[in-house]
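Residues per chain, in single letters:
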Amino acid sequence: MNTKQVFEWSSMAGGLLGFLLNETRNANFSEIEKELAPLDITSAQFKIVIGIAHERASTLTEFARFFDYDPGAMKRLIDRVEQKGLIRRVPSQVDRRIINLELTEQGTELYPQIMAVVSKVNRKMLDGFSDVETAQLQFFLQRVISNARK
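As the structure is a computational prediction, the values presented were derived from the model and not from experiment. (Residues numbered from 1 in each chain as written. Predicted model: local features only at pLDDT ≥ 70, side-chain atom pairs only at ≥ 80, totals over all residues. Heavy atoms only, no water.)

Engineer: Would you explain the packing of aromatic side chains in this entry?
Structural biologist: What characterises a pair of aromatic rings is the spacing of the ring centres plus the angle enclosed by the ring planes. Going through the model one piece at a time under the given rule, you end up with five aromatic pairs. Ring centres of Phe66 and Phe67 lie 4.9 Å apart, and the angle between their planes is 70°; this geometry places the pair in the edge-to-face category. Taken together, the aromatic side chains of Phe63, Phe66, Phe67 and Tyr69 make up a single cluster linked through ring pairs. Taking NZ or CZ as reference, Lys47 lies 5.1 Å from the ring centre of Phe67, over its face. (Phe/Tyr/Trp six-rings, centres within 6.5 Å; stacked < 30°, edge-to-face > 60°. Lys NZ or Arg CZ within 6 Å of the ring centre and 35° of its normal.)

Engineer: In this structure, what is going on with the nonpolar core? I would like to understand it.
Structural biologist: Within soluble globular proteins, side chains that are nonpolar generally end up buried alongside one another. In terms of nonpolar packing, the biggest core is built from 26 residues, with Phe46, Ile48, Phe63 and Ile114 touching the most fellow members. Secondary-structure elements contributing two or more residues to this core are helix H2 (12-36), helix H3 (43-53), helix H4 (60-67), helix H5 (71-83), strand E2 (99-103) and helix H6 (105-125). Beyond its immediate chain neighbours, meaning those up to four positions away, Phe46 contacts Phe29, Ile32, Leu36, Ile41, Ile114 and Val118. (Core = buried A, V, L, I, M, F, W, Y, C linked by side-chain atoms within 4.5 Å. Buried < 20%, exposed > 50% of the residue type's maximum accessible area, 1.4 Å probe, protein only. Helix = DSSP H or I, 4+ residues; strand = E, 2+ residues; numbered from the N terminus. Contact = heavy atoms within 4.5 Å.)

Engineer: Explain a nonpolar patch on the surface to me, please; I cannot follow it from the model alone.
Structural biologist: Together, Leu21, Phe129, Leu137, Leu141 and Val144 line one region of the surface with nonpolar side chains, adding up to about 350 Å² of accessible area. Counting residues per element, the nonpolar patch draws most heavily on helix H7 (residues 131-148), which supplies three residues. Along the chain, the position of Leu21 falls in helix H2. (Patch = residues over 30% accessible without salt bridge, like charges linked within 9 Å, V, L, I, M, F, W, Y side chains within 5 Å. Areas by Shrake-Rupley, 256 points an atom, 1.4 Å probe, with all protein chains shown as cover. Salt bridge = Lys/Arg side-chain N within 4 Å of Asp/Glu carboxyl O.)

Engineer: When you look at the packing of H2 against H3 in this model, what are you seeing that I'm missing?
Structural biologist: Packed helix pairs are specified by the crossing angle of their axes together with the interaxial distance, meaning the distance between the axes. In contact at an axis separation of 9 Å, H2 and H3 are set at 90° when each is read in the N-to-C sense. Viewed along their axes, H2 and H3 adopt a mutual orientation that is roughly perpendicular. Contacts between H2 and H3 involve Arg25, Phe29, Ile32, Glu33 and Leu36 from the first element and Ser43, Phe46 and Lys47 from the second. For the contact of H2 with H3, a count of residues per class yields four nonpolar, one polar and three charged. (Axes fitted to C-alpha atoms, helices over the stretch in contact; angles between N-to-C directions. Parallel < 35°, antiparallel > 145°, perpendicular 65-115°, else oblique. Nonpolar A, V, L, I, M, F, W, Y, C, P; charged D, E, K, R; others polar.)

Engineer: What should I look at first to understand the pattern of salt bridges in this one?
Structural biologist: In a structure, side chains of opposite charge can pair up when their charged atoms sit close to one another. A complete count under the given rule lists nine salt bridges for this structure. Across the pair Asp79 and Arg89 runs a salt bridge, and its minimum N-O distance is 2.7 Å. With Asp79 in helix H5 and Arg89 in strand E1 (residues 87-91), this residue pair connects regions lying ten residues apart in the sequence. Judged by relative accessible area, Asp79 falls into the buried class, the value being 18%. Residue Arg89 is classed as partly exposed on the basis of its relative accessible area, which comes to 31%. Between Asp95 and Arg97 there is a salt bridge whose closest N-O contact spans 2.7 Å.

Engineer: Which parts of the structure should I look at to understand H2?
Structural biologist: Side chains that are three or four residues apart share a direction in an α-helix, a result of its 3.6 residues per turn. Every buried residue of H2 is listed here: Asn28, Phe29, Glu31, Ile32 and Leu36. Taken together, the buried residues of H2 touch H3 and H6.

This is the structure in structure tokens:
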């Protein structure tokens, strides 16, 4: 590999952007996983609780699409969260073919604890960033997402 090829790969357009985004995501979920261990919930499982609480998804199909998971894998994940008593399946009042997911009382009580962990990890990851830098990072990441969706 020549110097130009190394530079192109190491540039944001040449692969570094995806690498950095992936490493950031991995670091975030790894830290969240460690902090959630005492609550007996994994980083994958907490996303279901948060997704329902924030109304990002309410059915298995919506979650599979939102997280870009295989529906079979999503079903197994939802089954595990349901077995922990954090969510329940509720038939839709509008369409009997649809099964909605909602938080149980236990899931609702766990939600603030999960959010405290997420906040703690995010503060750690943003340590040393000024308020302006944090706002800029958020702005730039939102632009990257917007560009990807065009």
